[in-house]
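Overview (structure and organization)
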Amino acid sequence: MTSTRPNITGANGDHFQSHYIPNTTSEQAEMLASLGLDSIDQLFTDIPAEFRDPALDLPAPLSELDIQRELGDLAAKNRPLSSGPSFLGAGSYNHFIPAIIKPLITRGEFLTAYTPYQAEASQGTLQVIYEFQTLICNLYGMEVANAGMYDGATSLAEAALMACRVTKREKVVLADTVSPTYAAVIRTYCQSQDIAVETVSPSAPNLDAKTACLVLQYPNFFGYIEDLQSLADAAHAQGALAVISCDPTAMGMFQTPGHYGADIVTGDGQPLGIPASYGGPYVGLFATKQEYIRQMPSRLSGRTVDKNGKTGYVLTLQTREQHIRRERATSNICTNEALYALASTIYLAAMGKQGLRQVAELCYHKAHYAAEKIGRLPGYSLPMSGPFFQEFVVQCPSSPTEINKKLIERNIMGGLDVSDQVPNGMLLCVTEMNSREDIDALITALSEFK
Amino acid sequence: MSPDDRRYTQEHEWVMIEDAAAKIAVVGITDYAQDQLGDIVFFELPKVGDTVAHLGKMGEVESVKAVSDLFSPVDGEVTEINQKLLDHPELVNEDPFGEGWLIKVTMADASGVEGLMSAQDYDAYTAGL
Amino acid sequence: MKQGGNRQTEKLLMERSVPGRVGTVLPDLDVPAQAMPDSALLRDELPLPEVSEPEVVQYFTGLSLLNFSIDTHFYPLGSCTMKYNPKVNDEIAFLPGFAGIHPMQPVEQSQGALDLLHRLQGFLGEITGLPAVSLATLAGAHGELGGMLMIRAHHLANGDTGRTKVAIPDSAHGTNPASAAMAGFNVVELASDKNGNVDLEGLRQVAGPDLAGVMITLPSTLGLFDTNIVEVCRIVHEAGGLVYGDGANMNALLGRVKLGDLGFDVAHLNLHKTFSTPHGGGGPGAGPVCATQQLAPYLAAPTVTKQGGAFALSTPEKSIGKLSSFHGNFGVLVRAYTYIRTLGDAGIQSISANAVLNANYMMNALRGTYHLPYDRTCMHEAVFSADLQKERGSSGLEIAKRLLDYGFHAPTMYFPLIVHEALMIEPTESETKETIDAFIQALIDIDREVTENTELVNSAPHSTPVARLDEARAARQPDLRWKPEAAA
């Protein structure tokens, strides 16, 4: 595949003209002449000669038609969620996505704009962020929300770091029912800053005066809803913050984390109109109380007026951020996931007051229907009890991974194998995307696997 | 011209003795400082009862696109902060030597003030920046 | 063009809400209703808007029209590489076999995705000369954090616990010191010399047993190739430190030089800059980390490995751990793969050739009109100073705002911090000579306006949806969400 570098000035006739690059060889020659040069190579002489123009082992260029074929073939080697029933959740959820989202987020005016630093030229993006901040606050019952983080895990890790700044303490306590992935990311973020990370059972949270925060998930990793009021109170009793990672879909019916006194609420915005896309891009949600606003990471859009008194929006409180405060910034985050904050905003607008409630209730009833039936199958049981939303753990008669292999033969994607946490445990997720027929097919299949 | 009833630091704070007997001094930032910062939007100031040290960091001042440390011109204990600044940081832009004062300090030792720049020296110093 | 009625964008979603309107119709419940939980667990109010689908489409379309974007305007933001974002990349990322796959589905069900990621690791390793690649980091700054954690892990694995300091040039992007601090290091600033290179004398002074490494952007944010770079790497290595490369400006170097050859140990790439994935109004991006084989064991998890004929997700032996929920910003990675595969070897080299040519052509045409603090051959961008215009009454900010009236997005302003009144202009390779000529003419015209009609320039922009905004008010009385009482 090794090729020699073609002479891009075209002198030797092996010039490659990309359809993404307008300059022709004669235009290049004209521009070079204005510089008193005759070769583009002369612009690169600051690069030490011994390292300049190395061999580049990349394949040759492809036409768009060839690209569509090659990538289409690769895509066909994956099993999309649309090809059959799926009961996988565990942090990425299969929900209905209204058709309006894709055409709106792929409008060039949104898709190909930069971060809205130049406010007069970016009012569309800035007003969208303000809408996003409003709706996330309303969803979570919180006072302020930012313009978004990378994803659910990094949002939660940044919340833990923020709690340490607010409390000036250096111990983060995680409920052992928080997603293992989220816990792993928190550990990575905390490792270098000498912040201790401890794990507790939510039934007996052992907190002390050194605890910066108690980190909870709502619903928890296994789908169940904990006694958030008592847990938040326990954190507050020690002067620690209550940090809650919360599934936004559950907010269609369940009480807000703000109601329980959460100090920082995070989440993954993926369920709000964002495709699973093998894990990203998603958008991290991040909300807190007004009093902690100056310790928040990431961008904020604020409403103000222009010099003629007309309402407009700007990025504000930027002194928190890395481009001004540098090594003392609240976070290093710069690029976030603005386009998917837009997708979530459109989703919440389209779903609205009634739609999100319906989605949540569809998930709730279907998941409970499935759980009740599966729990009564011989060999299967529900090892956890209490209220849950759309996910639950089933204890299987044999290895969940082996059962999943048999389910795939029937074109059913089973749940996540969590047998490292619950013996023969399978974490199942049922959403509005699963019809009764799908659920009954799963139940029938499971009944045949021992 | 900076007022000559007070002394100045190279970091653009001023200190004025309010009550020599009680060793009470008022501290603020200069007109030059507010002009360089532009529209001031926020102060992070020490709390009443905190100890501040001569030329030690005592807080921060933020404009829209900059943040600067504030340094105490004197050693002592903070006895009052200008509450009006919490809602109206622009007072420092409008009247840095008067209404826009930052904190009052009971000085451990009033003699340190004499080592700071006079108004004349400070104006000459800023003219050279 | 003006929009009337409900297509106007002034009213926010909650203000548009009319009780009873719906934006989506969902299926009926097809299973028996189940017992509801204790009502104490349920919320009463769900304060979301009630708007119909046409209103949603019209409102967001209207908002989009308030933006400048690459598709609608030349967008020469320095260090941001606002190049054309190919549409086929989006089309491919939206294929159900890519957009519709679950991150936790068995690897047997996602071999195509893993194959693509494995190939992309190879491409990026080849382009940088740093063959060990993790795609798990989600933006440039996220990659910086990952890379700096790897440097930390490397020193600690060697029992070298005293390396607490990271040196960063004064011209660096703010994410560099912020990321180094998040990785637990103390930051020391490195001065630039009069040619815009890292000052070697200053570097020698900090290159001691406590130096963990340096973070270098190449070309620098001055748009210059640091001619001391090999010596910089040598000095740092001799002191036992490692060299981190900020790949924000890689568009200049594609196929021209490999960071690994120059002595860099670990670097991130900004796929949303160099590799054409759309910025989306501030993201998503992707910030893969590329490193030497020596640092491979520390890469963030997961990486994609090939075992026999099958691809798998793996955790490197001494990995710094996980930095994101799943496997990286896959949709962005698909776009970047498609871009590299489309351009191929010859196209990749054509990017840097034309990006650097366009920047030098523009710099040369504006030399004499705008001050060039470092007047030497630039790379993909040129940094001017508006000092000459400021003497006549208009600052860099005002010139940038006036450009909006000419239909051009402003350049990056007041960065790098070491240049007064900086205007940092990056035309990229995907603009035509006609556009660049028109932009040059606009800057020449504005320079004349500064002399002839300073007020016109200083009160710009005049043609945008809003005039200059009161940023002080926004920061003093933060209004960060719509509240019902504010509507009255």
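None of the values given here were measured: they were computed from a predicted structure.

Conventions we followed
Each chain carries its own residue numbering, running from 1 in the direction its sequence is written. As a convention, the first chain written is A and the first ligand written is 1, with the rest following in written order. Only residues with pLDDT of at least 70 are given local features in this predicted model, and only at 80 or more are side-chain atom pairs given and counted; all residues enter the totals for whole chains, interfaces and linings. Side-chain metrics in this entry use all non-hydrogen atoms of the structure; hydrogen atoms and water are not considered. In this description a helix means any DSSP run of H or I spanning at least four residues, a strand means any run of E spanning at least two, and both kinds are numbered starting from the N terminus. Computation of the radius of gyration draws on C-alpha atoms, with the globule rule given as 2.2 Å multiplied by the number of residues to the power 0.38. To sort residues, take the accessible area from a 1.4 Å probe on protein chains only and compare it with the maximum for the residue type: under 20% means buried, over 50% means exposed, and anything in between is partly exposed. We call two residues in contact when some of their heavy atoms are within 4.5 Å. Accessibility throughout is a Shrake-Rupley quantity obtained with a 1.4 Å probe, and a residue counts as covered only by protein chains that appear here. Note on charges: Lys and Arg go in the positive column, Asp and Glu in the negative column, and His and the chain ends are not counted at all. The atoms used to mark charge sites are NZ of Lys, CZ of Arg, CG of Asp and CD of Glu. In this description, strands pair whenever DSSP reports at least two bridges between them. All axes here are fitted lines through C-alpha atoms, helices being fitted over the stretch that makes contact, and every angle between N-to-C directions spans 0 to 180 degrees. Our arc is simply the arc of the directions from the helix axis toward the C-beta atoms. Only protein atoms enter the calculation, which uses a 1 Å grid: trapped sets of points that fit a 1.4 Å probe without letting it out are cavities, open sets showing protein on both sides within 12 Å along at least five of seven lines are pockets, and any residue with an atom within 4 Å of a point is a lining residue. Grid points are joined across faces, edges and corners, and a volume is the space filled by probe spheres set on the points. Three categories are distinguished: nonpolar for Ala, Val, Leu, Ile, Met, Phe, Trp, Tyr, Cys and Pro, charged for Asp, Glu, Lys and Arg, and polar for the others, with Gly belonging to the last. Here the limits of each domain have been adopted from an automatic or database domain assignment. Here a polar contact is taken to be a pair of N or O atoms separated by no more than 3.5 Å, where protein atoms must pair a possible hydrogen donor with a possible acceptor and residues adjacent in sequence count only if both atoms sit in side chains. By buried area we mean the combined loss of accessible area, with a 1.4 Å probe, across both parts when two parts are placed together. In what follows, salt bridge is the name for a side-chain nitrogen of Lys or Arg lying within 4 Å of a carboxyl oxygen of Asp or Glu. Helix span, as expected, comes to 1.5 Å for every residue beyond the first. As used here, the term nonpolar core means buried Ala, Val, Leu, Ile, Met, Phe, Trp, Tyr and Cys residues forming a set that is joined through side-chain atoms within 4.5 Å.

Once that is clear, we can look at the overall build of chain C. Broken down by element type, chain C carries 17 helices and 12 strands. For 488 residues, the compact-globule estimate of 2.2 N^0.38 gives 23 Å, and chain C sits close to it at 25 Å. When the backbone C-alpha atoms are referred to their principal axes, chain C occupies close to 70 × 70 × 45 Å. Counting over 488 residues, chain C shows a buried share of 69%. When contacts within chain C are restricted to residue pairs at least 6 apart in sequence, those whose partners lie at least 24 apart make up 71%. Summed over all atoms, the accessible surface of chain C reaches about 15,000 Å², with 51% contributed by carbon and sulfur. Taken together, the 36 basic and 53 acidic charged side chains of chain C have centroids lying 1 Å from each other.

Further remarks concern the sheet that holds strand S11 (residues 412-413) of chain C. Residues and elements named next belong to chain C. If you walk across this open sheet you meet the 3 strands as S10-S12-S11, and the pairing is antiparallel. Edge positions in the open sheet fall to strand S10 (382-385) and S11, since each of these has one partner strand only. Summarising the sheet, S11 and strand S12 (residues 422-425) pair through 2 bridges and their orientation is antiparallel. Paired with Met413 across the two strands is Leu423, which belongs to S12. Of the strands in this sheet, S10 and S12 are in contact with helix H11 (residues 330-366), which crosses S10 at around 20°.

Let us look at unusual backbone geometry. Here A:Gly280 and A:Pro281 are connected by a cis peptide whose omega angle stands at 0°. Within the secondary structure layout, A:Pro281 lies in the loop between strand S6 (264-268) and strand S7 (284-288). In this model, C:Gly283 is joined to C:Pro284 through a cis peptide bond whose omega is 10°. Tracing the backbone through its elements, the reader meets C:Pro284 in the loop between strand S6 (266-269) and strand S7 (289-291). With a phi angle near 75°, B:His12 is a residue other than glycine that sits in the positive phi range. One can find B:His12 in the loop between strand S1 (7-8) and strand S2 (13-19).

Residue and element names in this part refer to chain A. Listing the buried residues of helix H11 (residues 400-409) in full gives Pro400, Ile403, Asn404 and Leu407. When H11 is viewed along its axis, its buried side chains cluster within an angular range of 105° and face the same direction. Of the surrounding secondary structure, the elements contacted by the buried residues of H11 are strand S11 (416-417), strand S12 (425-429) and helix H12 (436-448). Positive backbone phi, approximately 60°, marks Asn411, located one or two places after H11.

Here the structure, examined in full by the defined rule, presents 11 cavities of 30 Å³ or more. In this structure, the largest cavity spans a volume of roughly 250 Å³. In terms of lining residues, the largest cavity is bounded by 23 residues, among which A:Gly91, A:Tyr93, A:Tyr182, A:Gln217 and A:Asp247 are the most central. Elements that contribute at least two residues to the lining of the largest cavity include exactly helix H7 (180-191), strand S4 (211-218) and strand S5 (241-246) of chain A. Here the residues of the lining of the largest cavity sort into 11 nonpolar, 9 polar and 3 charged. Looking at which domains feed residues into the lining of the largest cavity, each of domain 2 (85-93 + 354-448) and domain 3 (101-345) of chain A gives three or more. Within this model, the second largest cavity holds a volume of roughly 120 Å³. Along the walls of the second largest cavity sit 15 residues, with A:Cys334, C:Gly140, C:His173, C:Asn270 and C:Lys273 positioned nearest its centre. With 3 residues, helix H6 (residues 140-157) of chain C is the largest single contributor of residues to the lining of the second largest cavity. Of the residues contributing to the lining of the second largest cavity, the split by class is 5 nonpolar, 7 polar and 3 charged.

Take the pairing of S10(C) next. Residues and elements named next belong to chain C. Going residue by residue along S10, you find Ala382 and Phe384 tucked away on one face and Val383 and Ser385 tucked away on the opposite face as well. Pairing of S10 with S12, which is carried by 4 bridges, proceeds in the antiparallel orientation. Along S12, the bridge assignment pairs Val383 with Met424.

Another aspect to go through is the side chain of A:Thr167. All names here are of chain A. Here Thr167 lies in helix H6 (residues 152-167). Under the relative-accessibility criterion, Thr167 is labelled buried at 17%. From its side chain, Thr167 meets the backbone oxygen of Ala163 in a polar contact 2.7 Å long. Sequence-distant contacts of Thr167, that is, excluding residues within four places in its chain, are made with Ala212, Gly239 and Leu241.

All right, on to the interface of chain C and chain A then. Facing the 203 residues of chain C at the interface are 192 residues of chain A. With both chains or domains summed, chain C and chain A bury close to 17,000 Å², and 63% of this area falls on carbon and sulfur atoms. Across the contact surface, chain C and chain A share 9 salt bridges. For C:Asp479, the salt bridge identified is with A:Arg303, shortest N-O distance 2.9 Å. Inspection of the chain C/chain A interface yields 99 residue pairs in polar contact (both at pLDDT 80 or more). At 26 residues, H11(C) tops the list of elements feeding residues into the side of chain C that touches chain A.

Note: α-helices contain 3.6 residues per turn, so residues at a spacing of three or four share the same orientation. Under the 1.5 Å per step criterion, the end-to-end length of helix H2 (residues 64-76) of chain A is 18 Å for 13 residues, consistent within 8% with the ideal 18 Å. Summarising the contacts, the buried residues of H2(A) are in contact with helix H3 (87-93), helix H4 (96-99), helix H5 (111-128) and H11 of chain C.

Once that is clear, we can look at the domain arrangement of chain C. Residue and element names in this part refer to chain C. Parsing chain C into structural domains produces domain 1 (5-64), domain 2 (88-343) and domain 3 (351-472). Computed over C-alpha atoms, the centres of domain 2 and domain 3 are 30 Å apart. Each partner contributes to the interface: domain 2 provides 26 residues, whereas domain 3 provides 19 residues. Our enumeration of links across domain 2 and domain 3 arrives at 0 salt bridges. Residue classes in the side of domain 2 that touches domain 3 are distributed as 10 nonpolar, 12 polar and 4 charged.

What follows concerns the nonpolar core. Counting 160 residues, the largest nonpolar core has A:Val172, A:Phe254 and C:Phe60 as the members making the most contacts within it. For this core, the element with the highest residue contribution is helix H10 (residues 338-375) of chain A, accounting for 17 residues. Discounting residues that sit within four places of it in the chain, A:Val172 has contacts with A:Ala160, A:Cys164, A:Ile186, A:Cys190, A:Ile195, A:Ala196, A:Val197, A:Glu198, A:Cys213 and A:Val215. Counting 108 residues, the second-largest nonpolar core is a separate cluster that includes C:Val198, C:Ala239, C:Phe311 and C:Leu366.

This next bit is on the interface of chain A and chain B. Listed as interface residues are 6 residues of chain A and, on the opposing side, 11 residues of chain B. Of all residues in chain A, the largest losses of buried area upon contact with chain B belong to A:Arg294, A:Arg325 and A:Arg328, amounting jointly to 57% of the total for that side. The salt bridge involving A:Arg294 is made with B:Glu62; its shortest N-O contact spans 2.8 Å. Looking at the side of chain A that touches chain B residue by residue, the class counts come to 1 nonpolar, 2 polar and 3 charged.

Side-chain pairing between opposite charges can occur once the charged atoms of the two side chains come close. On inspection of all chains with the given rule, the structure shows 54 salt bridges over all chains. Its salt-bridge partner being B:Lys84, residue B:Glu99 comes within 3.2 Å of it at the nearest N-O pair. One end of the pair, B:Glu99, is in the loop between helix H3 (90-94) and strand S9 (103-107); the other, B:Lys84, is in helix H2 (residues 84-87), and 15 residues separate them in sequence. The exposure class assigned to B:Lys84 is partly exposed, which follows from its relative accessible area of 45%. Here C:Glu238 ties to C:Arg234 by a salt bridge, and the two come within 2.8 Å at their closest N and O atoms.

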